[in-house]
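Take a look at the letters that make up each chain.
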Amino acid sequence: MEDRNIRGHAAMLGVGVIFGLLSPVSKALLDSGLISPAGLMMTRTAGAAAAFGTASLFVRREPVAWRDRLSLFFAALLGIVLNQGSFILGVSITSPIDASVVTTTAPIFAMIIAALYLREPITGMKIAGVAIGAVGALMLILSSPAAASSGGGSVGGDLLCMFAQLSYATYFVVFKGLIGRYGPVTLMKWMFLFATLCWLPFGAEDFVSTRWQAFGWRNFAEVGFIVLGATFLTYLLLPVGQKNLRPTVGCMYNYLQPLVASLVAVLAGMDRFTTVKAAAVVLVFAGVYVVTRSKAKAQMDAEASRR
């Protein structure tokens, strides 16, 4: 495996693991009643904008062309505002189990959008890999104790979470070329600046009215994880995955999210590691491997030219 592929897989592995913890942490914070979904979204985008702005002081300055700034605005709209906003709103009115199930749609969306936009072929091996990974992810989700007793799901919340996956997959595919032109800190400094400005009219009032004085150390830890872990760090890693992996391969790491949630439940004594879970883990990684081995458009074009 080439070095760039290794970097891409390592980056998306990190993203998948951290995002796997995001649903339960966000749900716990929102259920506390101390902060609204709009207030949390404002905190998340503004906090990440401040973090990337600070980080940009310690890296080489990259001038960004005005045309690319416009593209970065739309990238921020899809990859941050619509993606994160829909997810936070959706998870606030649905169950964590439903939200986890919906994350399995991202690789499917990515495969279809890549075929339409990048002319990436939808091969039998790619379809098989996506399906195998989805089966593994669903096995993990539905075998958890929470699945049997899960309540509070909502069609509206599920649709919002699905729209979040669609916007994420679209961002991952459409802006692959733009992402390759700049460093991650430069990209995210601009994207989170635009995202904060977009979200300001909707979240500023909720942010100001949040009862920060009522927060305990656990609530501040949850906010810290959401802002610095599930936003700053993941969006630092995402461009590495986008740049070095095909879109469908990168989005396959969404299947790690229920795996991580299940592992945390086992370690916390809330669940047991069963043969079903073991089989599900194998299927998730097998699905990623099969999609990785499927042929890219460049490979198929090269083979056609040799005939």
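If you're wondering where the values come from, they're calculated on a predicted model, not measured in any experiment.

Considerations on the overall build of the protein
Within the protein, the regular secondary structure consists of 15 helices and zero strands. Taken over 307 residues, the protein has a buried fraction of 50%. Taking as baseline every contact in the protein between residues at least 6 positions apart, the subset at least 24 positions apart corresponds to 92%. Surface summary for the protein: the accessible area is close to 14,000 Å², and the carbon and sulfur share equals 69%.

Structural notes on the packing of aromatic side chains
Taken as a whole and assessed by the stated rule, the structure comprises 12 aromatic pairs. Measuring from ring centre to ring centre gives 5.8 Å for Phe73 and Phe194, while their planes differ by 80°; the resulting arrangement is edge-to-face. Of the two residues, Phe73 sits in helix α3 (residues 66–93) while Phe194 sits in helix α10 (residues 184–209), which places them 121 residues apart along the sequence. With relative accessibility at 29%, the residue Phe73 sits in the partly exposed group. Residue Phe194 is classed as buried on the basis of its relative accessible area, which comes to 16%. Summarising the aromatic geometry, the rings of Tyr171 and Phe175 are spaced 6.2 Å apart at their centres and angled 35° between planes, so their arrangement reads as tilted. Here Tyr171 and Phe175 have matching classes, each one buried. Joined through ring pairs, the aromatic side chains of Phe52, Phe192, Phe232 and Tyr235 make up one cluster.

Some words on the nonpolar core
Met12, Leu72, Ile80, Met191, Phe192 and Tyr235 are the most contacted members of the largest nonpolar core, which totals 77 residues. Setting aside chain neighbours within four positions, we find Met12 in contact with Tyr168, Phe172, Leu238, Gly241, Leu245, Gly250 and Tyr253.

Some remarks on a nonpolar patch on the surface
On the surface, Ile108, Ile112, Leu116, Ile122 and Ile127 cluster together into a nonpolar patch covering about 440 Å² of accessible area. Considering each element in turn, the nonpolar patch owes the most residues, three residues, to helix α5 (residues 106–117). Along the chain, Leu116 turns up in helix α5. Of the residues examined, Leu116 reaches a relative accessible area of 62% and is grouped as exposed.

Focus: the side chain of Asn254
Mapped onto the secondary structure, Asn254 falls in the loop between α12 (247–251) and α13 (256–267). Classification of Asn254 as buried rests on a relative accessible area of 4%. A distance of 2.9 Å separates a polar atom in the side chain of Asn254 from a polar atom in the side chain of Gln165. With near-sequence residues (within four places) excluded, Asn254 lies in contact with Thr103, Ala106, Pro107, Gln165 and Tyr168.

What to know about the environment of Phe202
Along the polypeptide, Phe202 turns up in helix α10. In the structure, Phe202 is positioned 163 residues away from Gly39 in sequence and 8.7 Å away in space, judged by C-alpha atoms.

Re helix α11 (residues 217–244)
Along its 28 residues, α11 runs 38 Å from first to last C-alpha, staying within 8% of the 40 Å computed at 1.5 Å per residue. Thr234 marks the point of greatest bend in α11, at about 35°.

Considerations on the pattern of salt bridges
Here the idea is simple: oppositely charged side chains can pair when their charged atoms come close. Inspection of the entire model under this criterion finds four salt bridges. With a shortest N-O distance of 4.0 Å, Arg60 and Glu62 are connected by a salt bridge. What makes Glu62 buried here is its relative accessible area of 19%. In this structure, Glu120 and Lys126 form a salt bridge, with 4.0 Å as the shortest nitrogen-oxygen distance. Neither residue differs from the other here; Glu120 and Lys126 are each classed as buried.

A short note on the packing of α10 against α11
The contact between α10 and α11 brings their axes to 9 Å, and the two run at 125°. Classed by the angle they form, the pair α10 and α11 counts as oblique. Crossing of α10 over α11 shows right-handed handedness. Residues Pro184, Val185, Leu187, Met188 and Phe192 of α10 lie in contact with α11, whose contacting residues are Thr231, Tyr235, Leu236, Pro239 and Val240. Split into classes, the residues belonging to the contact of α10 with α11 amount to nine nonpolar, one polar and no charged.

Cut-off values and rules
Residues numbered from 1 in each chain as written. Predicted model: local features only at pLDDT ≥ 70, side-chain atom pairs only at ≥ 80, totals over all residues. Heavy atoms only, no water. Helix = DSSP H or I, 4+ residues; strand = E, 2+ residues; numbered from the N terminus. Buried < 20%, exposed > 50% of the residue type's maximum accessible area, 1.4 Å probe, protein only. Contact = heavy atoms within 4.5 Å. Areas by Shrake-Rupley, 256 points an atom, 1.4 Å probe, with all protein chains shown as cover. Phe/Tyr/Trp six-rings, centres within 6.5 Å; stacked < 30°, edge-to-face > 60°. Core = buried A, V, L, I, M, F, W, Y, C linked by side-chain atoms within 4.5 Å. Patch = residues over 30% accessible without salt bridge, like charges linked within 9 Å, V, L, I, M, F, W, Y side chains within 5 Å. Salt bridge = Lys/Arg side-chain N within 4 Å of Asp/Glu carboxyl O. Polar contact = N/O pair within 3.5 Å; in protein donor to acceptor, adjacent residues only side chain to side chain. Expected span 1.5 Å × (residues − 1). Bend = angle between axes of the 7 residues up to and from the residue. Axes fitted to C-alpha atoms, helices over the stretch in contact; angles between N-to-C directions. Parallel < 35°, antiparallel > 145°, perpendicular 65-115°, else oblique. Left-handed = near helix turned anticlockwise from the far one by under 90°. Nonpolar A, V, L, I, M, F, W, Y, C, P; charged D, E, K, R; others polar.

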